[in-house]
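This is what each chain is made of:
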Amino acid sequence: MKIRMIYLAGGNSRRFGTNKLLELLDGKPMYRHLLDRLIRICGRHDRWELVVVTQYHEVAEELKEEPVRVRFCSESRMGASFSLKAGLENLTDEEACVFFVADQPFFREKTAEGFLMEMEEKQARLGCVAFREQMGNPVWFGREYFKELGQLTGDQGGRKVLRKHPETVRFYQVQDAVELKDIDYLTEMPGKVAMKEESK
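Residues numbered from 1 in each chain as written. Predicted model: local features only at pLDDT ≥ 70, side-chain atom pairs only at ≥ 80, totals over all residues. Heavy atoms only, no water.

(A) Quick look at the nonpolar core. Of all hydrophobic cores here, the largest spans 35 residues; its most connected members are Met5, Tyr7, Leu38, Leu50, Phe100, Leu116 and Trp140. For this core, the elements supplying multiple residues, two or more each, are β1 (3-9), α1 (30-42), β4 (48-54), β6 (96-101), α4 (109-121) and β7 (126-131). With seven residues, α1 is the single largest residue contributor to this core. In this structure Phe100 touches Met5, Ile6, Tyr7, Leu8, Leu34, Leu38, Phe107, Ala112, Leu116 and Pro138, once residues within four positions along its chain are discounted. Counting residues in hydrophobic clusters, the runner-up holds 22 residues, among them Cys73, Leu84, Val101 and Leu152. (Core = buried A, V, L, I, M, F, W, Y, C linked by side-chain atoms within 4.5 Å. Buried < 20%, exposed > 50% of the residue type's maximum accessible area, 1.4 Å probe, protein only. Helix = DSSP H or I, 4+ residues; strand = E, 2+ residues; numbered from the N terminus. Contact = heavy atoms within 4.5 Å.)

Below, the structure is given as structure tokens:
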């Protein structure tokens, strides 16, 4: 199955106070933790591609030599829907797209690959990860929902589409709630929140 993985690295970090994606975590920028895992995953699956959407020149510049496609989207500052649409540009025969967020550095490589493989195997129409009843990112959309995603406006994200079709959503349970943690505040950075980097 041809899958486009879209890595959203274009948020405004208003609650954090500075650009949280560039904040160092265990010696490297926060946004690189999950991204590096996704790069390794894509290297193991020929028909999966990785697109990074960002409004930050620093991020775009740093990724020039990486095996990813970068979509620079200055409109990301105006809301999530602009980043989503940038990630969806120039779709051809992709059968699904999956949105990951760059402020979720504790999401394990094993979990990410397991989620993607199960959604692919089951040919899911919609899907997302969850810890018990708590839904989280990433989220999966089959081709039939690409048009709806393209109609989102302002700060609307893909969750609006999931909420519209709850009976269709396939859930993938994670083992630890910390995997779903997205860092919004400086006080949430280690050592306030700590978890060792896992490669697998």
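(B) The packing of aromatic side chains, seen in detail. For the coordinates displayed, the defined rule picks out two aromatic pairs. A centroid spacing of 5.8 Å and a plane angle of 75° characterise the contact between Phe99 and Phe141, whose relative ring orientation is edge-to-face. You can see Phe99 sitting in strand β6 and its partner Phe141 sitting in strand β8 (residues 134-142), a full 42 residues away along the chain. The exposure class of Phe99 is buried, given its relative accessible area of 3%. (Phe/Tyr/Trp six-rings, centres within 6.5 Å; stacked < 30°, edge-to-face > 60°.)

(C) Region of interest: unusual backbone geometry. Residue Asn137 is joined to Pro138 through a cis peptide bond whose omega torsion reads 10°. By secondary structure assignment, the location of Pro138 is in strand β8. At Asp26, a position not held by glycine, the phi torsion is positive, near 50°. Of note, Asp26 is situated in the loop between β2 (24-25) and β3 (28-29). Judged by its relative accessible area of 58%, Asp26 is exposed. In the Ramachandran plot, Gln123 falls in the positive-phi region, its phi being about 50° despite a non-glycine side chain. Summarising the element assignment, Gln123 is placed in the loop between α4 and β7.

(D) Quick peek at the environment of Arg4. Tracing the sequence through the fold places Arg4 in strand β1. Along the primary structure Arg4 and Cys128 are separated by 124 residues, whereas in three dimensions their C-alpha atoms are 15 Å apart. Within polar-contact distance, the side chain of Arg4 engages the side chain of Glu94 at 3.3 Å. (Polar contact = N/O pair within 3.5 Å; in protein donor to acceptor, adjacent residues only side chain to side chain.)

(E) Region of the structure containing α1. In terms of residue burial, α1 counts as a mostly covered element, since twelve of its 13 residues are buried. When we look at burial in α1, the residues that qualify are Met30, Tyr31, Arg32, His33, Leu34, Leu35, Asp36, Arg37, Leu38, Ile39, Ile41 and Cys42.

(F) Representation of the pattern of salt bridges in the model. According to the stated counting rule, one finds 19 salt bridges in the structure shown. The salt bridge involving Glu113 is made with Arg44; its shortest N-O contact spans 2.7 Å. One end of the pair, Glu113, is in helix α4; the other, Arg44, is in the loop between α1 and β4, with 69 residues separating them in the sequence. The exposure class assigned to Glu113 is buried, which follows from its relative accessible area of 15%. Sharing partners across several salt bridges, the network here consists of Lys2, Arg4, Glu49, Arg69, Asp93 and Glu94. (Salt bridge = Lys/Arg side-chain N within 4 Å of Asp/Glu carboxyl O.)

(G) Summary view of the side chain of Asp103. Inspection of the secondary structure puts Asp103 in the loop between β6 and α4. When near neighbours in sequence (up to four residues on either side) are disregarded, Asp103 contacts Lys20, Leu21, Met30, Lys181, Asp182, Ile183 and Asp184.

(H) Spatial organisation of the confidence of the model for the protein chain. Across the protein chain, the average pLDDT comes to 91, with 91% of residues at or above 70. Predicted confidence is poor over residues 192-200, with pLDDT under 50, and the contacts of this stretch with residues over four places away or in other chains come to 20 contacts. (pLDDT = per-residue confidence, 0-100.)

(I) Representation of the sheet that holds strand β5 (residues 69-72) in the model. Pairing is mixed in the open sheet, where seven strands are placed in the order β5-β4-β1-β6-β8-β7-β9. Where the open sheet ends on each side, the last strands, each with one partner, are β5 and β9 (169-173). On average, each strand axis in the sheet is tilted by 25° relative to the strand beside it, whichever way the strands run. Inspection of the sheet shows β4 paired to β5 by four bridges, in the parallel sense. Note that in β5 the partner of Val53 across the bridge is Arg71. Set on the sheet, α1 makes contact with β1, β4 and β6; between it and β4 the angle comes to about 160°. Helix α3 (residues 80-88) rests against β1, β4, β5 and β6 of the sheet, and its axis sits at about 145° to β1. (Pairing = 2+ DSSP bridges. Axes fitted to C-alpha atoms, helices over the stretch in contact; angles between N-to-C directions.)

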